[in-house]
Amino acid sequence: MSEKTLTRMDLSEAVFREVGLSRNESATLVESVLQHMSDSLVKGEQVKISSFGTFSVRDKAARVGRNPKTGEEVPILPRRVLTFRPSHLMKERVAAGNKA
Amino acid sequence: MIRSELVQKIADENPHLYQRDVERIVSTIFDEIIEAMARGDRVELRGFGAFSVKKRDARVGRNPRTGDSVQVEEKHVPFFKTGKLLRDRLNGKE
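Note that the structure is predicted; figures quoted are calculated from it, not measured. (Residues numbered from 1 in each chain as written. Chains lettered and ligands numbered in written order. Predicted model: local features only at pLDDT ≥ 70, side-chain atom pairs only at ≥ 80, totals over all residues. Heavy atoms only, no water.)

Caption draft 1: Layout of empty space enclosed by the protein. Applying the stated criterion across every chain, the model contains one cavity of 30 Å³ or more. There is about 40 Å³ of room inside the largest cavity. The wall of the largest cavity is formed by A:L11, A:L34, A:M37, A:F52, A:F55, B:I29, B:F30, B:I33, B:L45, B:F48 and B:F51. Contributions of two or more residues to the lining of the largest cavity are made by α2 (23-42) of chain A together with α2 (19-38) of chain B. The greatest single-element share of the lining of the largest cavity, amounting to three residues, is contributed by α2(B). Within the lining of the largest cavity, the residues separate by chemical class into eleven nonpolar, no polar and no charged. (1 Å grid on protein atoms, 1.4 Å probe; cavity = no way out; pocket = protein on both sides within 12 Å on 5 of 7 lines; lining within 4 Å. Points joined across faces, edges and corners; volume = space filled by probe spheres on them. Helix = DSSP H or I, 4+ residues; strand = E, 2+ residues; numbered from the N terminus. Nonpolar A, V, L, I, M, F, W, Y, C, P; charged D, E, K, R; others polar.)

Structure follows, in structure tokens:
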């Protein structure tokens, strides 16, 4: 396994390569895609990208947690969390690509 | 929001681009993430989240219908961790 880490830069480089826009505009577009997805999730919407996966927002109830080091009880407030469910295609490609 | 609505929003903001180019831009971004994970790489998008690959060890599973035990092979699965900024925004901390 190569274990590289890709960033926004690599995604905009791919857009630059594939679509032929300037590097600058490619970077701006990558940013707007992430921005629109975030804004939609913050509104509580589900973001469903076919053949990629689904991001959904879930409400978590308050509960009593514990500091694992001190054993002290700490209240955990109700909060919203994001979950991602990968598409079949993504699961298949990830499983096939990383097969020993 | 679904993929086509995302494409529409980007198209509306970029009237100088053809719709089909916007579709290619959006597909390129998502395909690139999948390809990276298929190679075992991570994709870290600060503020949004990080996509990575997790290994699931081989195990003895059970056929829920018959109760027979079956050998399940080691496999790799996609994983997403929400970024701090987005997590905070979801909880009203801007």
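Caption draft 2: Fine view of the domain arrangement of chain A. Residue and element names in this part refer to chain A. For chain A, the assigned domains are domain 1 (7-43) and domain 2 (46-67 + 74-99). Opposite the five residues of domain 1 that make contact, domain 2 presents seven residues. Carbon and sulfur atoms supply 72% of the area buried between domain 1 and domain 2, which totals about 460 Å² over both sides. Of all residues in domain 1, M37, S40 and L41 give up the largest surface area on contact with domain 2, accounting jointly for 88% of the area buried on that side. Inspection of the region where domain 1 meets domain 2 yields zero salt bridges. Put simply, domain 1 and domain 2 have one residue pair in polar contact (both at pLDDT 80 or more) between them. (Domains from an automatic or database assignment. Contact = heavy atoms within 4.5 Å. Buried area = accessible area lost by both parts, 1.4 Å probe. Salt bridge = Lys/Arg side-chain N within 4 Å of Asp/Glu carboxyl O. Polar contact = N/O pair within 3.5 Å; in protein donor to acceptor, adjacent residues only side chain to side chain.)

Caption draft 3: Looking closely at the nonpolar core. Among the nonpolar cores identified, the biggest contains 43 residues, and A:M37, A:F52, A:F55, B:I33, B:F48 and B:F51 are the most heavily contacted of them. In terms of residue count, the dominant contributor to this core is α2(B) (nine residues). Of the domains in this structure, domain 1 (7-43) and domain 2 (46-67 + 74-99) of chain A are the two that each give at least three residues to this core. Aside from chain neighbours lying at most four places away, what touches A:F55 is A:M37, A:L41, A:Q46, A:V47, A:L82, A:T83, A:F84, B:F48, B:F51 and B:F80. (Core = buried A, V, L, I, M, F, W, Y, C linked by side-chain atoms within 4.5 Å. Buried < 20%, exposed > 50% of the residue type's maximum accessible area, 1.4 Å probe, protein only.)

Caption draft 4: Examining the pairing of strand β3 (residues 59-62) of chain B more closely. Residues and elements named next belong to chain B. Strand direction decides the pairing type here: β3 and strand β4 (residues 69-72), joined by four bridges, are antiparallel. Bridged to R62 within β4 is S69. With antiparallel pairing between neighbouring strands as the criterion, β3 and β4 make up a hairpin whose turn holds six residues, including G67 at a positive phi of roughly 80°. (Pairing = 2+ DSSP bridges.)

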